[in-house]
Structures are given as structure tokens and as C-alpha cells.
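# Close look at the chain arrangement
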Amino acid sequence: MATTALRPAATYRTGLYEWLTTTDHKKIGILYTFNSLILFLIGGIFALAVRTELAQPGLQFMTEATYNQMFTMHASVMIFWVVIPFLAGFGNYLVPLMIGAPDMAFPRINALSFWLLPLSAMIALLGFPLGGAASAGWTSYSPLVQAKFSTGPGTDLWIVALTLVGTSSILGAINFLVTIFKMRAPGMTLFRMPVFVWTILVTSVLVLMGTPVLTSALIMLYIDRNLGGSFFNTALAGGNAILWQNVFWFYSHPAVYIMILPAMGIVSEVIPTFSRKPLFGYKAFVFATAGIGALGFSVWAHHMFTTGSVYLPFFSLMTFLIAVPTGVKMFNWVATMFRGKIRFTTAMLYAVGFLSLFLIGGINGAFLASVPVDYHVHATYFIVAHIHYVLFGGSIMGIFAGLYYWWPKMFGRKLNEGLGKIHFVGIFIGMNLTFFPMHLMGISGMPRRIADYSATAGWNDLNLLATIGGFTIAASMLPFLWNVFITLRGGEPAGDDPWEGNTLEWATSSPPPPYNFDHLPPIRSERPVFDRRHANDVPSLTAGH
Amino acid sequence: MGPIAKRWARRAGVVAALGALAVLLSACSDFNLRTAVPPDAASVQGQASRNIYDIVFVIGAAVFFLVEGLILFAVLRYRRRAGDDELPPQIHGNNRLEIIWTAIPIAIVLALFVLSWQTLNTVDARTPTPPVRIGVVAFQWQWQFVYAPDGVRWEDCGAPANKGRCVTVFGTPPAGGDRSKWTPPTMHVPVDETVELQMHSTDVIHSFYVPAFLYQRDITPRKDQVIQFTADRIGIYRGQCTQFCGLYHQFMEFQVQVESKADYVAWLQQELTPPRSPSAAPSASGPAGSPAVSAAP
């Protein structure tokens, strides 16, 4: 049942000018999505370059200089222009819909937040034609990143680009917070908000506290490199290389939560819908999210255990503790599926994929909390395995779950389920083939960020396996892209509520009209659309908490 | 085929695919189960780290199988059958259950933390009088190991007055400038004695890592590091810089040769006696591009 009389489809066929100037949060959300998808492909090509070079010992395809640019730009693109903005894009599209608001609080600032992203991505990538992109690693440790050791414009372009991304994130976070606090529909109390909105709220607080720190550090770094500053430059008196690591990780560890919390939010919408049950332990889940956010600022120095410059027991304890709220969430998701009636749509497959892979990313993270274990595996491929089980097994699986789940809402048409399942199986197998062997390489001592490795160290076959996995992931993207292409040209019409959803976005048309709603269903729980659908059912089935 | 037969056929297909994958994996030639665990520790501290690793691994594996098992069980058991439109019971939570699965993980991680902390105190223990002190200089993209056995500060070994009183180990310079042909320098250490490394970087951050010691430590400019270890197994162990340090990072390899006390003393004496072996110390100033020894601040 559509609650609007408008037929909005026509408004999505408008011209280029409309897309370039729009302040509609939904169109901006779609722009975020496609911008992130394009950069996902670019970052993926960088990853394939790395995997291709490492398939065999010896340098076959590129020089060290190119290789170092590839892994630096792979990580930078995937973190700053794919995972963070992809999830911010979902937030843009969904938060106003889910809280029953007509738009974001500051629509024009919202548009600015988006347009800074393609601009900054182009600036960062401009390094390639100008003689070499940034190549000091995405962590850009000083003094390696200083002008003496990292020559050429690539690093400066990278700094400027990241400063713009930081600005975009900060503006976006303020926008989300004001929207969530000031624009909820009548009846939408904080504890009736969908969990996804909660994760965006906590993420925005993290962004607001962390991103200004990184952005200021980047400006200091720029001064070091170009204006003779001595913030982090050990060649000058007063320069402190460890200071860079502290301020960098003060943002960049919470950034991991910025990249995983909204994905957890997506999964927390998908699993209840397809299990036909409410999320088990809604309040516990909200508190766990806030707990991760709070603890997230006290664990940054676990990236620095081997520097000899941090108080080890404190950061070890906090890092162990942050596993607890994450574990609580895992049990909540599993309990939501228990005694449910699970429908295996592609979105649900991705959500279950998230659970089973992110679990590994959580467990191998606990290894790193133990300082003596970290002494052994720090800066090896074990770390690469860990972060990819979190960011690929977690964030990317969550993002795809969200794409398949909300695509019908965004475009009024369902992505093809058959192609979607092929996509899922390919990416699930490829992901494990790529990243699981990296654990083994890591514990046997293979350092990360090396363009070449000894042929006699026992890493040849594991590397080849990882490369095969990388190309499996790449191949599995083809059915996805084809799926997007045919769906945009005319897929199966979705209707307003194709999945029997719980939250307000399913109470309007697909795609929703400008300003979203003509009227809203009554909001008496965190599942207003479920309540309306089952209003006449036996009361025992729909009783609240 | 009926729906049940179809389901079983699909399951058989999955099992066959997994079997094929296992065969493919086992056909790999240089992979073996030795790679699946950390190297056998060759130092006292490394053994301590290995012990805590094994504990974390066992608990991690138990959690993995428990939770992955619950996920699989839920996914297989609670599938929605075709035509089943009835709503399942709407369970919103269970406080007792949620308290249990919060408390148990807290207990586990606190236990792991305490055990890790105790191990850390073993690994990071320092003796004030280590029998062997070696200076380690890291630079783009090689290592220098400096032995000053008769009371000279290793940082002063470059001074003319100390000529012949120190041993400096370099990697052998590359043939024809090919860095991949660079023979990594070898650090000689006696077995069962505490060795102290005084580590200094002349340019960017490097990291001293020996997998067989299960240990690494960053060497940051202006932040010299002191570490100690006690190797307890004779052998030659691979080491490598793990902190990305620029263009030729992957060539920053070295070896640690753990030998008997007698062999170690003999080696040191041989190196101290002029003329020194050209392979160990090619010239007084070292190979082109390597810094002078007296590089400490």
C-alpha cells in the first residue's frame, strides 16, 4: 500500500543538471553509492596489481616504486573513498526515511559533503599522471613520509585529498547528528529508532571526535613537508615520529569502527526482516554499539605495541575488552535467527556471510590484543588477514547486503536474485581463498608491504592461492555489474515493500517521492511497518517488549 | 526429482566441491602444516610468546567453532519452508541469556589479559648486565651489527683510536648493483646467553624482526631501542625489517646465527685479528651508501 499519491519514478529520470545540483538526500545517497562503487573497482584494480606481483617470488610485472604506490593507494582508496563513504551514502539515503523526516537537516551542506568526495579522489589519483602517487603506505609514517624520503607531488596530493575527505566526513557527521536529534517524526523516540540509525548516530560521534584530529595532523604533516615544520620530522629538533603515530591512530583506529558499525546496522535490519522476528535484545545492541564507540577511543595504541613508546597493559586490556560488546552483538544476531523463519534472499546470504566472516575478524583481533602475540605477528600478513576479515568480511559483506536489500527502494526494481547468488558464492569463496592463507603467511613471518619475497621461505603456494582468490573476487563482480546494468534498464518491479520490512522506509513508495512521506503510520515500536501489517493479528504475536 | 531428493543432491554437490578444494589445497607443494603454526621458538622469550599464542589460539578456535556452529545450525534448522506463512514467535530478548553471554566473554578476555601480561613481563624482562652487547644500526636499506668486546662503546667504534677493537658486520655489497643479490648480514650470538641489542636508526623507522624469536621491535629515529633475548637453540634464523621503510624495503634482510659459546668467541677473535675477512667487513668505511658507525646522537 503506497502512502503517497505521487508517481515519483519520473523524477529519477531527470537530466544531468538535476543530479549535479540536487539537495535531495536520496539522490545524494545514490550519488554516494555509485561514486563508491566506481572507486571500489579502481581500488580493486590496485589490489589485483598487488596480488599479481605477489603470485610468484621475483619481480615480474612492476618495479618496487609502482608496487609501493599500488598498496598505498589500494588501502587509501578502499578506506577513505569506498567503505566510509559507501556507508555514509546508506546513511544519507536511509536516515531521513527511517526516522520519518523529509530530508537531512542541512541539504546543501549534504550536497557539499558528497561533492568533496569525487573531487578529493581525483586529487589523490592525480599523482599517477604527475609522476607517482603516494607511496609511503596509507599510514604514512614519519619520517618516511617527509619530503626527504617521499619526493614528488603524490604525497602532497594525498594529504590535500585526505584533508578534503576529512572535511566531508565532519560536515556529514554534524548533519547526521542534527537530523537524528531534531527531525524525528512524532512517536519516533530514540529507543524506537531502527538500529541502523543508532549505528549512524554513534559513528557520527566517532567522526566528530576523531576526524578533526587526523585532519589537523595532515595539515601539520603538510607544513612539515613543504614549509619547514618540525611536528613529526625527526631531522629537525623537536620533531617526533611517534607523535604522528599517536594522532594518526587516534583517528584511524576509531575509523575501523566508523567502517564497521553502520555495516552492523545494515545486518541488524536485514536479519530480522528475513527471519521474520524482531532483533533479539534491541537495547543491549544499542548499548553495545555505544560501548564500542566509547571503548574505541582507548585502544589506538595497540597499533604501536612494538614502538616501545606506549603503556602496554592499559592498551592491551582495553583492546581485549572491546571484544565483549562485539561478541554480544554476534550472539544477538544469532539469537534473532533462532526459531525464526529464514528466507535466503541474496541480502540475507550476505548478512549471514557477514556473521561468519566478521567472526573470524573478531577472533584474530583478540590475538593482537595480547602484546607478546602482537610482537610476533605485528606488521606481518596476519595483520593484512585480520583487517580484511573485518573490512571485507565485515564492511563489504554488509554493504552488499544493504545494496541488495535497499536497491528496490532506491530504484523501484529488484536486483536479479539468481545473479546475486552467483555474486555471493563467488565473493565468499574468493574472499576466503585470498585472505585465509594470509594468516599462515603472517605467523610464519612474512612481512606486509614487501614487493618481493624469498622463494625459499615457504610462502610461494600460499601467495599463489591468495592471488587466485583475488581474481575470483574480481570475476564475481562481473555478474554483479551485469545485474546492476540490466536492473537499471528494467528489472522486476519491486513494489513499495518487497521484503515485508519493519522500518519506515517501507511505508512509502519505491522510489520515495521528494520529501518522502505524505503521511506516516503510527510509530509505537521500533517496527512501525510491521505493527501496521500485523495490526489485526492475534495480540500475543505482536506484543511489544 | 522430488524436493527432498533435490535438497540432498544440492548438499552432495556442496560436499563434492569442498572435497575438490581440499584436494587442490593439499596438492600445493611448499605448503605444509608447519606453516600453520608459528615457528618453533629459538629463544627463551620466544617460547614464552609461543605458549601464550597457543592458549589464545585454542580459546579462539573454541569460540570460532561454537559460534560458527550456532550460525550454521540456525541457518539450516530455521529455514522458511515454501508455503509457510505463519509468523514465528516474536521474541524480543532474554535478560538472563544476555547477561550470561556478556559475562562469559568478559571473564575470558580478562583471563587472557592477565596471562598475556604475565608473559609480557617475561618477554620484556631486562638484566642490567647482559654478557653480550651488540650495536644495531638500521638504515635504508640494510643493517649493520657492531661488536665492541673490550669495553669500547659501540657508538665510538668509528673513531680512529678504536681501529681494530671492534667488529662491524655488513651485508655483502651487491654484484653489479643488483640489490636482490645482496647477501644479508649475519649476526653471530652465543647460545644460552642474554644478548642485548642497542638499536639505532639513521633515517626512517625500521623494525628488527626475527620470526624464530617471535619478536619484533621498531627502531625509530631519535628513539634508540634496547632489547634483550636469550637464544636457546643453535641454528641460523632468518630476520627481516617489518616496518615499511621505502623503495627497497623487502631487501632489508639479515640472519641470526646462534652458535656455541666457543664458536662465537672463535668467530669474534678471528674477526678482530687483522687482516679482517673481506666478506664480513669489506672496508673501514663500509660499502658505499652505508652510514658511518658513529651515527648515534
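Predicted, not measured: the structure shown is a model, and the values here were computed from it.

## Observations concerning the overall build of chain B
Counting its regular elements, chain B contains four helices and ten strands. Mapped from its N terminus to its C terminus, chain B presents α and β elements in the order α-α-α-β-β-β-β-β-β-β-β-β-β-α. Looking at chain B residue by residue over its 297 residues, the buried ones come to 46%. Contacts in chain B between residues at least 24 apart in sequence constitute 70% of all its contacts with a sequence separation of at least 6.

## Side note on the packing of helix α7 (residues 241-275) of chain A against helix α8 (residues 282-295) of chain A
Residue and element names in this part refer to chain A. Where α7 contacts α8, the axes come no closer than 11 Å and their chain directions differ by 170 degrees. It follows from the interaxial angle that α7 and α8 lie roughly antiparallel. Counting all contacts with α7, which are made through Y257, L261, M264 and S268, the residues of α8 involved are F285, T289 and I292. Class assignment for the residues of the contact of α7 with α8 results in five nonpolar, two polar and no charged.

## A few points about the domain arrangement of chain B
All names here are of chain B. Examined at the domain level, chain B breaks down into domain 1 (40-80 + 95-125) and domain 2 (132-272). Of note, the centres of domain 1 and domain 2, computed from C-alpha atoms alone, are 36 Å apart. With twelve residues of domain 1 in contact, the opposing surface of domain 2 contributes twelve residues. Interface area for domain 1 against domain 2, summed over the two sides, is near 930 Å², with a carbon-plus-sulfur share of 50%. When residues of domain 1 are sorted by the area they lose upon contact with domain 2, A42, S43 and Q45 head the list and together hold 45% of the total. In this structure, the connection of domain 1 to domain 2 is made through zero salt bridges. Connecting domain 1 to domain 2 are seven residue pairs in polar contact (both at pLDDT 80 or more). Element by element, the count of residues in the side of domain 1 that touches domain 2 is highest for helix α2 (residues 44-77), at five residues. Tallied by class, the residues present in the side of domain 1 that touches domain 2 amount to five nonpolar, four polar and three charged.

## Remarks on the packing of α2 of chain B against helix α3 (residues 95-123) of chain B
Residue and element names in this part refer to chain B. In contact at an axis separation of 9 Å, α2 and α3 are set at 170 degrees when each is read in the N-to-C sense. It follows that α2 is roughly antiparallel to α3 by the angle criterion. Contacts between α2 and α3 involve Q45, A48, S49, I52, I55, V56 and I59 on the former and, on the latter, I108, L112, L115, S116, T119, T122 and V123. Residue classes in the contact of α2 with α3 are distributed as nine nonpolar, five polar and no charged.

Cut-off values and rules
- Residues numbered from 1 in each chain as written.
- Chains lettered and ligands numbered in written order.
- Predicted model: local features only at pLDDT ≥ 70, side-chain atom pairs only at ≥ 80, totals over all residues.
- Heavy atoms only, no water.
- Helix = DSSP H or I, 4+ residues; strand = E, 2+ residues; numbered from the N terminus.
- Buried < 20%, exposed > 50% of the residue type's maximum accessible area, 1.4 Å probe, protein only.
- Contact = heavy atoms within 4.5 Å.
- Axes fitted to C-alpha atoms, helices over the stretch in contact; angles between N-to-C directions.
- Parallel < 35°, antiparallel > 145°, perpendicular 65-115°, else oblique.
- Nonpolar A, V, L, I, M, F, W, Y, C, P; charged D, E, K, R; others polar.
- Domains from an automatic or database assignment.
- Buried area = accessible area lost by both parts, 1.4 Å probe.
- Salt bridge = Lys/Arg side-chain N within 4 Å of Asp/Glu carboxyl O.
- Polar contact = N/O pair within 3.5 Å; in protein donor to acceptor, adjacent residues only side chain to side chain.

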